[in-house]
Amino acid sequence: MLSSSMFHRGLRLLLLAAAAIVGTLGASATIASAQSDDEAIVKGTITDTDDDGARVGVAGVVISALDAEGTEFGRSTTDGDGNWSIGLSAGTYQILVDVDSLPEGVSLRNPDKNPAEVRLIEGDEKSTLFPLGEALVESAGGVRVIQLAVDGLKVGLIIAMCAIGLSLIYGTTGLTNFAHGEAVTFGAMAAYVFHVVGVFGFRMPLIPATVITVVICGASGGLFNRLVWAKMRRRGASLIAALVMSIGFSILFRYVMLFQFGGRAGFYDDFRLQTKWDFGVFSIAPKDIVLMVLSIVVLVGVASALQFTRMGKAMRAVSDNRDLAESSGIDVERVISSVWIAGSALAGLGGVFLAVTESISWDMGFRVLLLMFAGVTLGGLGTAYGALFGSIIVGLFIQLSTLVIPTDMKNVGALIMLVLILLVRPQGLLGRRERIG
Amino acid sequence: MTADNTLNRFAGVPWEPGAAKSDPVLVVDGVRRAFGGLVAVDVDHLEVQRGAITALIGPNGAGKTTFFNLLTNFDTPDAGTRRFEGQELSRVPAHRVASLGMVRTFQLTKSLSKMSVIDNMLLGATHQRGESLRRSLLPFTWRGQEAANTARADELLERFKLSHMRNEYAGTLSGGQRKLLEMARALMVEPTMVMLDEPMAGVNPALKQSLLDHVKGLRDLGMTVLFVEHDMDMVQEISDWVVVMAEGRIIAEGPPSSIGENQAVVDAYLGAHHDAPLDLGEDR
Amino acid sequence: MDWGAILENTIRGLIGEQFIYFALAAIGLNIHFGFTGLLNFGQAVFMAAGAYGLSMAVATLGLNFWLGLVLGIIVFPLILALIMGVPTLRLRSDYLAIVTIAASEMFRIIARSPSLDRWTGSSDGLTGFANTFYELSPFDRSQRYFFGIFIGNQMWVVLVGWVAVVLVSVGVWAVLRSPWGRVLRAIREDEDAARSLGKNAYWFKMQALILGGVIGALGGMLRAIGTQSAQPQNFITDVTFFAWVALILGGVAKVGGPILGAAILYGILSFTDILLRQMVEAGIISTSVMDGTQVGQVRFMLIGLGLVLLAAFRPQGILGSKEEMALDDR
Ligand SMILES: Nc1ncnc2c1ncn2[C@@H]1O[C@H](COP(=O)(O)OP(=O)(O)OP(=O)(O)O)[C@@H](O)[C@H]1O
Ligand SMILES: [Mg+2]
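What counts and what doesn't
- Residues numbered from 1 in each chain as written.
- Chains lettered and ligands numbered in written order.
- Predicted model: local features only at pLDDT ≥ 70, side-chain atom pairs only at ≥ 80, totals over all residues.
- Heavy atoms only, no water.
- Helix = DSSP H or I, 4+ residues; strand = E, 2+ residues; numbered from the N terminus.
- Buried < 20%, exposed > 50% of the residue type's maximum accessible area, 1.4 Å probe, protein only.
- Contact = heavy atoms within 4.5 Å.
- Areas by Shrake-Rupley, 256 points an atom, 1.4 Å probe, with all protein chains shown as cover.
- Lys, Arg positive; Asp, Glu negative; His and termini not counted.
- Charge placed at Lys NZ, Arg CZ, Asp CG, Glu CD.
- Patch = residues over 30% accessible without salt bridge, like charges linked within 9 Å, V, L, I, M, F, W, Y side chains within 5 Å.
- Salt bridge = Lys/Arg side-chain N within 4 Å of Asp/Glu carboxyl O.
- pLDDT = per-residue confidence, 0-100.
- Domains from an automatic or database assignment.
- Buried area = accessible area lost by both parts, 1.4 Å probe.
- Polar contact = N/O pair within 3.5 Å; in protein donor to acceptor, adjacent residues only side chain to side chain.
- Nonpolar A, V, L, I, M, F, W, Y, C, P; charged D, E, K, R; others polar.
- Phe/Tyr/Trp six-rings, centres within 6.5 Å; stacked < 30°, edge-to-face > 60°.
- Donors = N, O, S within 2.8 Å, 3.2 Å for Na, K, Ca; no water.
- Axes fitted to C-alpha atoms, helices over the stretch in contact; angles between N-to-C directions.
- Left-handed = near helix turned anticlockwise from the far one by under 90°.
- Pairing = 2+ DSSP bridges.
- Disulfide = S-S within 2.5 Å.

A.B. asks: Would you mind going over the overall build of chain A with me for this structure?
C.D. replies: From N to C terminus, chain A includes 12 helices and 11 strands. Of all 437 residues assigned to chain A, the portion counted as buried reaches 56%. Considering only contacts in chain A between residues 6 or more positions apart, those separated by 24 or more positions represent 71%. Accessible surface for chain A amounts to roughly 18400 Å². Of this, 61% is attributable to carbon and sulfur atoms.

A.B. asks: Where do I start with the overall build of chain C in this structure?
C.D. replies: Secondary structure summary: chain C contains 15 helices and four strands in total. The C-alpha extent of chain C, read off along each of the three principal axes, is 65 × 50 × 40 Å. Across the 330 residues of chain C, 63% fall into the buried class. When contacts within chain C are restricted to residue pairs at least 6 apart in sequence, those whose partners lie at least 24 apart make up 74%. Roughly 11800 Å² of accessible area belongs to chain C as shown, and the carbon and sulfur atoms make up 65% of that amount. Taking the average location of the 22 positive side-chain charges in chain C and that of its 21 negative ones, the two points are 7 Å from each other.

A.B. asks: Is there a simple way to think about a nonpolar patch on the surface in this case?
C.D. replies: A contiguous nonpolar patch, built from A:Ile416, A:Leu420, A:Leu423, A:Val424, C:Leu78, C:Leu82 and C:Val86 and spanning about 590 Å² of accessible area, is present on the exposed surface. Those elements that provide at least two residues to the nonpolar patch are α12 (410-424) of chain A together with α4 (65-88) of chain C. For the nonpolar patch, the element with the highest residue contribution is α12(A), accounting for four residues. Residue position: A:Leu423 is located in helix α12.

A.B. asks: Explain the confidence of the model for chain C here, please?
C.D. replies: With 97% of its residues at a pLDDT of 70 or more, chain C has an overall mean of 90. Scored by ipTM, the complex comes to 0.87, with pTM at 0.81.

A.B. asks: I would appreciate a short explanation of the domain arrangement of chain A in the present structure.
C.D. replies: For an interface, size is often stated in terms of accessible area lost upon the parts coming together. All names here are of chain A. With domains assigned, chain A is organised as domain 1 (40-127) and domain 2 (142-424). The C-alpha-based centres of domain 1 and domain 2 are spaced at 34 Å. Interface area, domain 1 with domain 2, both sides summed: about 690 Å², of which 50% is carbon and sulfur. Counting across the domain 1 and domain 2 interface gives zero salt bridges. There are zero residue pairs in polar contact (both at pLDDT 80 or more) connecting domain 1 and domain 2. Of all the elements in the fold, those that place two or more residues in the side of domain 1 that touches domain 2 are β1 (40-45) and β6 (83-88). Considering only residue class, the side of domain 1 that touches domain 2 consists of one nonpolar, four polar and three charged.

A.B. asks: Teacher, can you tell me more about the interface of chain C and chain B here?
C.D. replies: Taken residue by residue, the interface counts 30 residues in chain C and 35 residues in chain B. Summed over both sides, the interface of chain C with chain B buries roughly 2900 Å², with 63% coming from carbon and sulfur. Summed over the shared surface of chain C and chain B, the result is five salt bridges. One salt bridge connects C:Asp190 with B:Lys110, and the closest N-O pair in it is separated by 3.5 Å. Run the count over chain C and chain B and you get nine residue pairs in polar contact (both at pLDDT 80 or more). Secondary-structure elements contributing two or more residues to the side of chain C that touches chain B are α8 (152-176), α9 (179-189), α10 (191-196), α11 (201-227) and α15 (322-326) of chain C. Looking at the side of chain C that touches chain B, the element that brings in the most residues is α9(C), giving eight residues. Partitioning the side of chain C that touches chain B into residue classes produces 12 nonpolar, six polar and 12 charged.

A.B. asks: Sorry, what's going on with the packing of aromatic side chains here?
C.D. replies: By the definition in use, this model includes 30 aromatic pairs over all chains. Ring geometry for C:Phe139 and C:Trp156: centres 6.5 Å apart, planes at 55°, overall tilted. Taken as a pair, C:Phe139 in the loop between α7 (131-135) and β2 (144-145) and C:Trp156 in helix α8 lie far apart in primary sequence, 17 residues in all. Just as C:Phe139 is buried, C:Trp156 falls in that class too. Three or more aromatic residues joined by ring pairs make a cluster, and in this case those are A:Phe178, A:Phe373, C:Phe33, C:Phe41, C:Phe241 and C:Trp244.

A.B. asks: Please clarify how the side chain of B:Thr66 should be interpreted in this entry.
C.D. replies: Residue position: B:Thr66 is located in helix α2 (residues 64-71). Setting aside anything within four residues of it in sequence, one finds B:Thr66 in contact with B:Arg33, B:Phe35, B:Ala40 and B:Val41.

A.B. asks: Whenever I open this one, the coordination of the magnesium ion (ligand 2) confuses me. Can you help?
C.D. replies: Each protein donor to the magnesium ion (ligand 2) is listed here as B:Thr65 (OG1) and B:Gln107 (OE1); together their distances run 1.9 to 2.1 Å. With a gap of 42 residues between them, B:Thr65 in helix α2 and B:Gln107 in the loop between β6 (102-104) and α4 (117-124) connect regions that are remote in the sequence.

A.B. asks: Even after reading the chapter, I still don't get the confidence of the model for chain A, so can you show me in this structure?
C.D. replies: Parts of the model with low pLDDT should not have their predicted coordinates read in detail. Residues and elements named next belong to chain A. In the predicted model, chain A carries a mean pLDDT of 80, and 84% of its residues have values of at least 70. Counting interchain partners and residues more than four positions distant, the pLDDT-below-50 stretch residues 1-36 has 53 contacts. pLDDT under 50 marks residues 134-141. Its contacts with residues more than four places away, or in other chains, come to 15 contacts.

A.B. asks: In this structure, what is going on with the packing of helix α2 (residues 144-173) of chain A against helix α6 (residues 286-308) of chain A? I would like to understand it.
C.D. replies: The packing of two helices is summarised by the inter-axis angle and the distance between the axes. All names here are of chain A. Orientation of α2 relative to α6, taken along the N-to-C sense of each, is 35°, at an axis distance of 10 Å. The way α2 lies across α6 gives a crossing that is left-handed. Of the residues in α6, those touching α2 at Val-150, Leu-153, Lys-154, Leu-157, Ala-160, Met-161, Ile-164 and Leu-168 are Asp-288, Met-292, Ser-295, Ile-296, Val-298, Leu-299, Val-302 and Leu-306. Partitioning the contact of α2 with α6 into residue classes produces 13 nonpolar, one polar and two charged.

A.B. asks: Just checking my understanding: could you explain unusual backbone geometry for this structure?
C.D. replies: Glycine aside, the phi torsion of most residues is negative, and most peptide linkages are trans. One non-glycine residue, B:Lys161, lies in positive phi territory at about 55°. Structurally, the position occupied by B:Lys161 is in the loop between α6 (143-159) and α7 (175-188). What makes B:Lys161 exposed here is its relative accessible area of 54%. A positive phi angle is found at C:Gln228, which is not glycine, with a value near 55°. The residue C:Gln228 is located in the loop between α11 and β4 (229-230) in this model. The class of C:Gln228 is partly exposed, set by a relative accessible area of 34%.

A.B. asks: I would appreciate a short explanation of the sheet that holds strand β8 (residues 224-228) of chain B in the present structure.
C.D. replies: For sheets, the rule is that strands pair by backbone hydrogen bonds, running either parallel or antiparallel. Residue and element names in this part refer to chain B. The strand order across the open sheet built from six strands is β6-β7-β8-β3-β9-β10, with neighbouring strands paired in mixed fashion. Sheet topology places β6 and β10 (249-254) at the edges, where each strand pairs with a single neighbour. The sheet shows a mean angle of 20° between the axes of neighbouring strands, taken without regard to direction. As paired elements, β6 and strand β7 (residues 193-197) share three bridges and run parallel to each other. Looking across to β7, one finds that Met-102 is bridged to Met-193.

A.B. asks: Sorry if this is basic, but what is going on with the pairing of strand β3 (residues 53-57) of chain B here?
C.D. replies: Residues in a regular strand point their side chains to alternate faces of the sheet. Residue and element names in this part refer to chain B. Most of β3 is tucked away: five of the five residues are buried. Burial along β3 is two-sided: Ile-53, Ala-55 and Ile-57 facing one way and Thr-54 and Leu-56 facing the other are all buried. Note that β3 and β8 share four bridges and pair parallel. Its bridge partner lying in β8, Ala-55 is registered against Phe-227.

A.B. asks: It is not clear to me how the state of the cysteines should be interpreted in this structure. Could you clarify?
C.D. replies: All names here are of chain A. Applying the stated rule across the entire model yields zero disulfides over all chains. Among the cysteines around Cys-162, which has no disulfide bond, Cys-217 carries the closest sulfur, lying 10 Å off. Judged by relative accessible area, Cys-162 falls into the buried class, the value being 0%.

A.B. asks: Would you mind going over the interface of chain C and chain A with me for this structure?
C.D. replies: Between chain C and chain A, the residue contacts involve 56 residues of the former and 47 residues of the latter. Summed over both partners, the interface of chain C with chain A buries about 4600 Å², with 71% contributed by carbon and sulfur atoms. Counting across the chain C and chain A interface gives one salt bridge. We note a salt bridge from A:Arg254 to C:Asp238, for which the minimum N-O separation is 3.2 Å. Our enumeration of links across chain C and chain A arrives at five residue pairs in polar contact (both at pLDDT 80 or more).

Shown next as structure tokens:
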């Protein structure tokens with residue numbers, strides 16, 4: 001982690017950049033909202049096996065979505081990698097592969113499953129598979145528990161990255177920041193703008209786009225603190241007023257993003273669909289391995305920064321006991337400012353990661369926010385390490401719970417867990433009881 | 001009953017920590033509370049005599065407030081038992097402790113700012129019929145009781161020199177007035193034992209004197225008082241018995257006159273090996 | 001631009017069905033937050049409890065309408081309050097906030113899950129449960145009433161709604177000036193003080209949660225009756241914040257606050273809504289800036305912005321007093 005003085009020196013520059021970006025967001029991002037009434041997506045990949053046994057996408061296959069009467073609502077043609085996707089509004093559709101568009105000598109393995117029926121609810125993103133003749137079926141494979149645990153770990157690491165800021169902001173200022181989810185969405189969206197939409201007609205690969213995004217997120221977090229929350233603290237506003245404000249911001253930002261980007265899910269061009277590596281007991285896409293490794297590196301970095309740097313120690317001290325920290329000469333406002341910058345940057349990075357493994361949508365952050373709350377509560381509100389452990393457990397729990405509950409309700413499991421934790425150990429795994437009297 | 005009578009109750013009680021009393025209303029055994037590595041309270045044994053005024057003194061950070069919290073179940077001890085009138089308190093929630101007759105005030109006053117002074121007082125009354133949601137809609141079931149409570153509250157406000165503030169928001173009171181309000185409110189509960197955490201901090205001397213008389217009057221009516229106080233004059237003046245805490249432990253007990261000469265107490269207040277006797281105000 | 005339509009819509013907003021649903025939801029919230037200090041961000045779920053209690057009873061289980069009323073106004077909100085309250089009411093107020101928001105999300109997931117379609121109708125929701133209600137209507141369904149603003153069935157809903165709003169407000173006013181209400185206010189101010197005086201804060205908070213939830217459920221049930229359908233879309237998380245804005249706008253901890261707030265809020269929302277739509281239609285706002293579906297999103301932005309500005313600059317609302325706010329010694 002950077003030292004705080006560097007944070008502050010860089011801040012002014014970053015703010016300029018952020019202002020420029022916000023401007024371009026307004027100008028360029030409406031492109032995506034052309035189909036804003038699409039509420040859900042159905043997608044898939046049509047692949048065949050080549051002579052070496054490797055899977056290759058089949059291009060040029062036509063897929064359409066029909067309703068029960070046979071009216072067509074959308075159509076897609078597979079690209080070079082065999083990918084297709086159709087944006088639709090909520091409802092029930094028959095997804096039909098035009099068999100005539102398949103290459104010579106290739107046929108569907110289960111012709112009776114064409115068309116396939118899908119039922120879409122708003123925000124859905126469903127995959128429909130049409131395995132070909134001799135081709136391998138794309139399946140989770142492996143031992144289900146291990147597969148789910150690996151997926152859960154991945155989700156948990158990303159939640160953790162997003163949640164550290166939430167927890168530290170709570171610890172240092174007492175604010176339960178409901179707008180933290182929008183920092184996650186903002187990260188995913190900003191990278192989308194640089195990478196897919198383009199700024200002044202220039203589009204860059206995802207990796208540099210992510211770097212810029214993280215900087216912008218940190219800067220806007222710092223700016224947000226300075227323009228709003230620092231003022232509120234100085235005015236001595238009550239924590240409840242601040243909490244209500246953060247909810248207001250959350251709604252405002254969320255709907256501004258919906259307005260700009262539309263309700264449809266988006267994807268980055270890079271790393272979009274990768275063949276999974278099969279490790280026998282589980283399989284995983286290479287990008288997900290990279291994400292997990294990167295998340296671990298970042299989280300270990302954050303933990304050691306908290307443990308060993310001066311600013312990190314100061315952050316923990318302020319979280320622990322603000323008055324004591326202040327009286328022992330720590331510049332509390334400066335620490336809080338750094339917490340906002342670092343926490344928002346991490347949330348933005350988490351947003352990009354989440355978008356890479358899943359997709360981008362206007363309310364992705366809000367949904368993760370609830371999982372963050374579950375993680376942070378489990379670990380102990382206000383403790384940085386608690387957020388880390390709690391989130392990972394929540395991630396594992398969400399995925400593993402699909403062993404017993406329907407996948408579309410997996411997040412319910414995490415939220416139920418949240419309630420149970422509060423019943424059993426409200427201060428969380430690493431938390432502490434409070435002073436009275 | 002006279003003060004002498006009360007003093008007699010301590011006849012034969014040894015002047016040492018954990019001494020047994022003739023008629024203890026509260027008995028504490030092995031109560032311990034640690035915050036992380038810091039052991040804030042570690043009391044082996046303490047008995048509080050019924051119908052007497054007991055002072056709990058000790059340097060800052062000795063653990064007095066924490067001990068109060070543990071006795072009233074506002075905080076849970078890591079170990080130990082507390083018995084009030086023979087009843088073990090471990091599984092009794094804080095509000096039940098109050099309705100058993102043990103009422104406490106807070107060092108940092110908790111006056112209810114956006115409620116009027118009289119409403120603050122009325123809140124203290126127990127067994128209010130109108131506090132049931134069902135009956136709240138039927139005013140005739142609770143009007144009479146409310147009127148009686150109001151009369152009693154007004155008497156107490158008079159006593160505590162707060163009558164003129166009766167209808168003001170409690171948030172407009174001064175610091176000392178809040179202390180008074182909190183004490184008066186605790187008395188509205190009609191407790192058998194009151195526990196006051198620094199009740200007189202910030203109260204002007206003239207009023208203090210009249211309140212001390214009031215507290216003595218309460219004792220003479222049979223109420224037990226346990227209070228924390230740093231002002232040694234006051235301790236000397238009204239307490240029948242003094243308990244000294246330092247670093248979480250009870251280090252001395254005895255009548256007020258005995259405490260100043262106790263070497264352990266002198267060490268606790270001034271650091272070890274200080275020879276001069278401690279001026280705890282007994283000669284004024 | 002049709003100014004007549006704009007005027008009519010604005011009046012509808014001020015006193016019509018939407019106003020009634022949200023006035024009731026906000027009155028419930030006022031008991032929670034205004035008088036007890038509970039941070040309930042799941043009022044929409046209480047509303048949903050009312051809506052689904054009635055509609056599931058009638059449409060799914062085939063019970064009669066009156067049993068449905070009991071289920072929707074009493075049983076469902078009671079169960080919900082227990083689920084959300086038992087784990088959190090012993091804890092600092094943030095936890096109720098988190099759990100209630102989580103409950104909203106759970107409701108969304110569960111109500112829309114196709115696997116429960118048989119019970120809830122998933123995304124499409126349930127219909128056909130309100131016939132008994134409309135059969136009782138004294139109004140002719142083909143006539144227009146109240147200066148032609150409401151057609152017969154709407155007039156019936158609005159009339160019943162207004163009676164409910166008035167009765168509930170009077171009840172709330174009476175309850176809150178009793179000793180019971182005094183304990184709630186004490187808990188809002190300082191829970192530890194109330195406990196030190198022998199008040200079972202946990203139980204009082206639970207009662208307040210239930211009472212406010214029941215009133216919210218009444219609002220939600222009227223909404224389901226008024227739209228003749230119980231749909232997840234009408235009870236999503238953001239719906240809660242409409243009630244919050246109405247409450248804070250009107251005045252927290254004032255009995256009339258939620259009513260005034262809901263009227264003003266829906267007056268403003270209806271006005272901007274129809275104005276924007278007409279401007280889009282008339283081509284005054286070009287479709288490259290905003291199209292029809294985006295008008296609905298603007299309403300949410302206004303709600304968000306409203307919450308921010310109110311919390312920052314006028315947390316006491318229209319009816320609240322500045323002096324009282326200043327006593328907040330946090
Ligand atoms: N919730 C808590 N967390 C951590 N430490 C605590 C907590 N409550 C009390 N302590 C510590 O326990 C010790 C005893 O505190 P306590 O408030 O009981 O002292 P006291 O005797 O009342 O002091 P004073 O006379 O200044 O009021 C102190 O060192 C304090 O820092
Ligand atoms: Mg103390």
